[in-house]
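Report on the structure
Take a look at the letters that make up each chain.
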Amino acid sequence: MHELSITESILKIALRHAEQANAKRITRLNLVIGELSGVVGESVQFYWDMIAQDTIAAGSELHFEHVPASLRCLSCEHVFPMDGKSHKCPNCGQSRVVAAGGDDFRLESIEVEE
Amino acid sequence: MKVPVVEQIMSANDQLAAANRARLDEAGVFALNVMASPGAGKTSLITRTVEALRDDLRIGAVDGDIATTIDADRIAALGVPTVQINTGGACHLDAAMLQNAFAQLRLKELDLLIIENVGNLVCPATFRLGEHRNVLIASVPEGDDKPYKYPVMYRGVDALVLNKIDVLQAFDFDVDYFQQGVEPLNPGLAFFPLSCKTGEGLDAWLDWLRREVIERREMR
């Protein structure tokens, strides 16, 4: 549901940067999307085609680089993926761990035609 | 041609949230965003909190729901100004909705604004409103595995309430397993096991909130 407003934000940011670069058309957007960001790439794609159609981003392609959620063990520094069941370190068994990645949600770059 | 952007996507909502925050600060209001899944006890904790603090603090409430005014009516019945936001299907409150609610409140006459978000363990985490603190209410019947299944929600909060501890035994809820799930996501998170029904544990929660409101006031 909330992906619509997020998709509108992506469009706004992309159009602003395209204008600054004097671009005629946006052909591709490179997005980084972390597992802990709470955003579903497929839904963004669904709305994208709808809201971009009357802009210079019409027909552009969204590319998602997915960053998995990971944890880092404070005892042995081992970094491991979050599996949804346990947060214990699989290497040393300690449970003092911190989140180490997956919060990202940003527009990294756009590809344009001048 | 490739144009580097490197911009956080949430910026539109974040900017509005920052504007809300500035208005709250100017009016001297401490805003608390209450999030939880449906049925965890958001309205119950809010009514308990209002009853306990209304003699010391001037409290207002904003209540977000997909439909109906059932929750807002419960809070308004306690004699505090309450604004209902019906999101019309949307699964969370956003900064623009809160901004609209401000128009119906006399912010300068409040010390504490309690915002009840839409019952949902996923979406509200992504949308900042301009609040000073976020509290998540988990409840025993939901099960002790929720931090593992909904890590995003547990990550971005300042306090965690575990409600309905009066039924811990009936649900085989393992508090240690629950807390072990929370700790890596949000180290040192303030944790308040309580029961809105019996009142057990409420004092620690109320002390925390009172302290937060006072600290904010002294920072002005």
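Here, the structure is the one placed above.
Observations regarding the nonpolar core
Ranked by size, the top nonpolar core spans 70 residues in total, and within it Val-34, Ile-114, Ile-115, Leu-136, Ile-137 and Val-161 of chain B carry the most contacts. Per element, the largest residue contribution to this core is six residues, and it comes from strand β2 (residues 30–36) of chain B. With sequence-adjacent residues up to four places away left out, Val-34 of chain B is seen in contact with Lys-42, Ile-46, Ile-114, Ile-115, Glu-116, Asn-117, Val-135 and Ile-137 of chain B. Of all hydrophobic cores here, the second largest spans 20 residues; its members include Ile-10, Ala-18, Ala-57 and Ile-110 of chain A.

Focus on the sheet that holds strand β6 (residues 105–113) of chain A
What holds strands together in a sheet is hydrogen bonding between their backbones, with the strands either parallel or antiparallel. Strand order in this open sheet of four strands is β2(A)-β1(A)-β6(A)-β1(B), and the pairing throughout is mixed. Of all strands in the sheet, those with a lone pairing partner are β2 (61–67) of chain A together with β1 (2–8) of chain B, marking the two edges. Neighbour-to-neighbour, the strand axes of this sheet turn through a mean angle of 20°, independent of strand direction. Of the pairings in the sheet, the one linking strand β1 (residues 25–34) of chain A to β2 of chain A comprises seven bridges and is parallel in character. Pairing of Arg-28 of chain A across the sheet is with Glu-61 of chain A, part of β2 of chain A.

Observations concerning helix α1 (residues 3–20) of chain A
Residues and elements named next belong to chain A. A rise of 1.5 Å per residue sets the reference length of α1, with its 18 residues, at 26 Å; its end C-alpha atoms lie 26 Å apart and thus fit the reference within 8%. Taken residue by residue, α1 has Glu-3, Ile-6, Thr-7, Ile-10, Ile-13, Ala-14, His-17 and Ala-18 as its buried positions. For α1, the buried positions fall inside an angular range of 135° around the axis, keeping them on one side. Exposed and oriented more than 90 degrees from the buried face of α1 are Arg-16, Glu-19 and Gln-20. Where α1 terminates, the next one or two residues include Asn-22, which has phi positive at roughly 55°.

Here we look at unusual backbone geometry
Residues and elements named next belong to chain A. Backbone geometry at Asn-22 places phi at a positive 55°, although glycine is not the residue there. With respect to the helices, strands and loops of the structure, Asn-22 is situated in the loop between α1 and β1. Look at Glu-77: it is not a glycine, yet its phi comes out positive at around 70°. Looking at the secondary structure, you find Glu-77 in the loop between β3 (70–73) and β4 (79–81).

About the thresholds
All residue numbers here refer to positions counted from 1 along the written sequence of the relevant chain. Each chain is given a letter, starting from A, and each ligand a number, starting from 1, according to the order in which they appear as written. Totals for whole chains, interfaces and linings use all residues, but because this is a predicted model, local features are given only for residues with pLDDT of at least 70 and pairs of side-chain atoms are given and counted only at 80 or more. Definition of nonpolar core: a set of buried Ala, Val, Leu, Ile, Met, Phe, Trp, Tyr and Cys residues joined via C-beta atoms within 7 Å. With C-beta atoms placed from the backbone, a residue counts as buried when 20 or more other C-beta atoms lie within 10 Å of its own, as exposed when 12 or fewer do, and as partly exposed for counts between those limits. Helix and strand labels come from DSSP, where a helix needs a run of H or I of at least four residues and a strand needs a run of E of at least two; each type is numbered from the N terminus. What counts as a contact here is a pair of residues whose C-beta atoms, placed from the backbone, lie within 7 Å. Paired strands, in this sense, are two strands between which DSSP finds at least two bridges. Angular values range over 0 to 180 degrees, each being the angle between N-to-C directions of two axes fitted as lines to C-alpha atoms, with helices fitted over their stretch in contact. By this rule the span expected of a helix is its residue count minus one, scaled by 1.5 Å. Directions pointing from the helix axis toward each C-beta atom define the arc.

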